[in-house]
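Residues per chain, in single letters:
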Amino acid sequence: MSVLEALFRVHGMGYSKVVFESDAKEVVEAIYLNREDNSEFGSITSCYRRFLTAVDGFSVCYVRWKANGVAHVLARHS
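Residues numbered from 1 in each chain as written. Predicted model: local features only at pLDDT ≥ 70, side-chain atom pairs only at ≥ 80, totals over all residues. Heavy atoms only, no water.

Participant: Whenever I open this one, the packing of aromatic side chains confuses me. Can you help?
Facilitator: Aromatic ring pairs: the centre-centre distance and the angle between the two ring planes describe each pair. Taken as a whole and assessed by the stated rule, the structure comprises 3 aromatic pairs. On the numbers, 5.0 Å between centres and 80 degrees between planes, the contact of Phe8 with Phe51 is edge-to-face. Here the residue Phe8 occupies a position in helix α1 (residues 3-12), and Phe51 occupies one in helix α3 (residues 40-54), the gap between them amounting to 43 residues. We classify Phe8 as partly exposed; its relative accessible area is 49%. Counting every residue linked through ring pairs, the aromatic cluster contains Phe8, Phe20, Phe51 and Phe58. Lys25 extends its terminal NZ or CZ atom over the ring of Tyr62, reaching a point 5.8 Å from the ring centre. (Phe/Tyr/Trp six-rings, centres within 6.5 Å; stacked < 30°, edge-to-face > 60°. Helix = DSSP H or I, 4+ residues; strand = E, 2+ residues; numbered from the N terminus. Buried < 20%, exposed > 50% of the residue type's maximum accessible area, 1.4 Å probe, protein only. Lys NZ or Arg CZ within 6 Å of the ring centre and 35° of its normal.)

Participant: What am I meant to see in the pattern of salt bridges here?
Facilitator: Charged atoms that come close allow side chains of opposite charge to pair. In total, this model carries 1 salt bridge according to the counting rule given. Of the charged contacts in the structure, one is a salt bridge between Glu5 and Arg9, with a shortest N-O distance of 3.3 Å. In this pair, Glu5 and Arg9 are both assigned in helix α1, 4 residues apart and thus about one turn of the helix distant. By relative accessible area, which is 45% here, Arg9 ends up partly exposed. (Salt bridge = Lys/Arg side-chain N within 4 Å of Asp/Glu carboxyl O.)

Participant: Explain the nonpolar core to me, please; I cannot follow it from the model alone.
Facilitator: Note that soluble globular proteins tend to have their nonpolar side chains buried in a common cluster. Leu7, Phe20, Phe51, Leu52, Phe58 and Val60 are the most contacted members of the largest nonpolar core, which totals 14 residues. Of all elements in the fold, only α1, β1 (18-22), α2 (25-32), α3 and β2 (58-62) reach the threshold of two or more residues within this core. Among the elements that take part in this core, α1 stands out by supplying 4 residues, more than any other. Apart from residues no more than four positions distant in its own chain, Leu52 is found in contact with Leu7, Ile31, Tyr32, Phe58, Ser59 and Val60. (Core = buried A, V, L, I, M, F, W, Y, C linked by side-chain atoms within 4.5 Å. Contact = heavy atoms within 4.5 Å.)

Participant: What's the story with α2 in this structure? I'm lost.
Facilitator: Owing to its 3.6 residues per turn, the α-helix brings residues three or four apart onto one side. Residues of α2 that are buried: Val28, Ala30 and Ile31. Viewed end-on, α2 has its buried residues packed into an arc of 160 degrees, placing them on one side of the element. (Arc of directions from axis to C-beta.)

Participant: Looking at this model, I keep getting lost on the packing of α1 against α3. Mind explaining?
Facilitator: Helix-helix packing is described using two parameters, namely the angle between the two axes and the distance between the axes. Following both chains from N to C, one finds α1 and α3 inclined at 20 degrees, their axes separated by 10 Å at the closest point. Considering their axes alone, α1 and α3 lie roughly parallel with respect to each other. Between α1 and α3 lies a crossing whose hand is left-handed. Facing Val3, Leu4, Leu7, Phe8 and His11 of α1, the residues of α3 in contact are Cys47, Tyr48, Phe51 and Leu52. (Axes fitted to C-alpha atoms, helices over the stretch in contact; angles between N-to-C directions. Parallel < 35°, antiparallel > 145°, perpendicular 65-115°, else oblique. Left-handed = near helix turned anticlockwise from the far one by under 90°.)

The structure is reproduced here in structure tokens:
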């Protein structure tokens, strides 16, 4: 599931305060840096940015891979 799909799904479930954690530092930085990027990656991060500015209480933050180890183990076994 993509982060954007998760954002829409959780918002649709009625949650109002959600922090999404990602170990993809470049993605998280691209979401919060407001620079123009005409690539496909830029288009995707622009969608994240628009969603996060439109919905109060949602955020995406960077978490080092080692700190996110439990999520990786669970993902491998799912």
